[in-house]
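So you can see what is in the structure, the chains are spelled out below.
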Amino acid sequence: EGFNRGKSMNRLLGLDMATQFGVRGTQNNLSGTAFTTDTRHQVFVTAGVFRRVDYGVQYGLVLDYLNQDWYFQSNSLQLRGELSWRTRECDTYGFQFMAGVREETVSASIIDETGTTLSADVGLKPTDQYRFFYRRPLARNGEYDMMVGWTDNKDGLLGANFTMTLSHHCSLRSGVTYLIPYEGKNSGGYEQENWNISVGLVYRPGGPRGCGRYCRPLFDVADNGTFMLDILN
């Protein structure tokens, strides 16, 4: 659950750009796992600037923050950017990147097979990602996009997002992201795979043209597909 709001900078500063700010909350592992009984709580915050156009170059840069409370507690930051070209036929071709701002060391507690609680310090860092994507609008202000990319650990990335308009104010949005481990299954790399599947209902108070097509947020609020974490040995 959350929100994402865009606002034009034209009247305030006379710039042909817009700002965006959004928050997303998630609750996962409600029944616990084999190594912890704790529920996983996450809060994502995304804020930054962008430029949308009818035809030509689009770009944007946001800062993502993730607070995570699970078998460890962490506060992570990353930068996320986009540079794309929108054609006269409304196709968009572009490149996105996600870059970790800092690494951190957290205290983690897990339950082993004997039921004993073990504690250790664990290093965490946001996964640097590089993606090429294609985006296409659909009827009634829907859209879809597909991406392929890689990470700084030579892992592969595949993903897609789809938005279907249900009414003047409501849309159904779904997405999937999968990280293919570079190590491969035979080396135990399958344990390092990462994936995210989401389905959500989006409500726009002002409808599709609420704040105008130029200040509709260029970026979705971060989630587990755009903000991945690496555990450092």
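Above: the structure in question.
Just so it is clear, the structure is predicted and the values come from calculations on it, not from any experiment.

Asker: Whenever I open this one, the sheet that holds strand β14 (residues 229-232) confuses me. Can you help?
Answerer: Two pairing modes exist for strands in a sheet, parallel and antiparallel, and in both the strands are linked by backbone hydrogen bonds. Taking strand neighbours across the sheet as the criterion, the 3 strands line up as β7-β8-β14 in an open arrangement whose pairing is antiparallel. Across the chains shown, the open sheet's two edge strands, defined by having one partner strand only, are β7 (104-111) and β14. Between one strand and the next, the sheet's axes are offset by a mean angle of 45°, whatever the strand orientation.

Asker: What am I meant to see in the state of the cysteines here?
Answerer: Covalent bonding between the sulfur atoms of two cysteines is what defines a disulfide. In total, this model carries 0 disulfides according to the counting rule given. Note on Cys90: no disulfide assigned, nearest cysteine sulfur contributed by Cys215 at a separation of 18 Å.

Asker: How do you make sense of the packing of aromatic side chains when you look at a structure like this?
Answerer: The description of an aromatic ring pair rests on the distance of the ring centres and on the angle between the ring planes. Per the stated rule, a full pass over the model turns up 12 aromatic pairs. Relative to Phe227, the ring of Phe44 lies with its centre 6.4 Å away and its plane at 55°, an arrangement referred to as tilted. One end of the pair, Phe44, is in strand β3 (residues 40-51); the other, Phe227, is in the loop between β13 (194-203) and β14, with 183 residues separating them in the sequence. The exposure classification of Phe44 matches that of Phe227, with both residues buried. Lying over the aromatic face of Tyr55, Arg88 brings its terminal NZ or CZ to 3.9 Å of the ring centre.

Asker: Please explain the pairing of β13 as it appears in this structure.
Answerer: Moving residue by residue along a regular strand, the side chains alternate between the two faces of the sheet. Of all 10 residues making up β13, only 1 are buried, and the element is barely covered by its neighbours. The pairing of strand β12 (residues 170-180) with β13 spans 10 bridges and is antiparallel. By the bridge assignment for β13, Cys170 is matched with Tyr203.

Asker: Sorry, what's going on with the sheet that holds strand β9 (residues 129-137) here?
Answerer: Spatially, the 11 strands line up as an open sheet ordered β1-β2-β3-β4-β5-β6-β9-β10-β11-β12-β13, and their pairing is antiparallel. Both edges of this open sheet fall to β1 (2-8) and β13, since each of them pairs with a single strand only. Across this sheet, the average inter-strand angle for adjacent strands is 15°, counted without regard to direction. Of the strand pairs in this sheet, strand β11 (residues 156-165) and β12 are connected by 10 bridges, and their pairing is antiparallel. Bridge pairing links Asn161 to Gly175 in β12.

Cut-offs and rules
- Residue positions are given per chain, counting from 1 as you read along its sequence in written order.
- Reporting of local features is limited, given that this is a predicted model, to residues whose pLDDT is at least 70; pairs of side-chain atoms are given and counted only at 80 or more, and all residues count toward the totals for whole chains, interfaces and linings.
- Think of the side-chain values as coming from all heavy atoms in the structure, minus any hydrogens and water.
- Only strands joined by at least two bridges in the DSSP assignment are considered to pair.
- For helices the rule is a DSSP run of H or I covering at least 4 residues; for strands it is a run of E covering at least 2, with both sets numbered from the N terminus onward.
- In this analysis an axis means a line fitted to C-alpha atoms, helices contributing only their contacting stretch, and an angle means the value between N-to-C directions, from 0 to 180 degrees.
- When the sulfur atoms of two cysteines come within 2.5 Å, that pair is taken as a disulfide.
- Each pair of aromatic rings taken from Phe, Tyr and Trp, with Trp reduced to its six-membered ring, is defined by centres within 6.5 Å and is described as stacked if the planes are under 30 degrees apart, edge-to-face if over 60, and tilted in the remaining cases.
- Partly exposed residues are those whose accessible area sits between 20% and 50% of the maximum for their type, while under 20% is buried and over 50% is exposed, using a 1.4 Å probe and protein chains only.
- Counted as over-ring charges are cases with an Arg CZ or a Lys NZ within 6 Å of the ring centre that also lie within 35 degrees of the ring normal.

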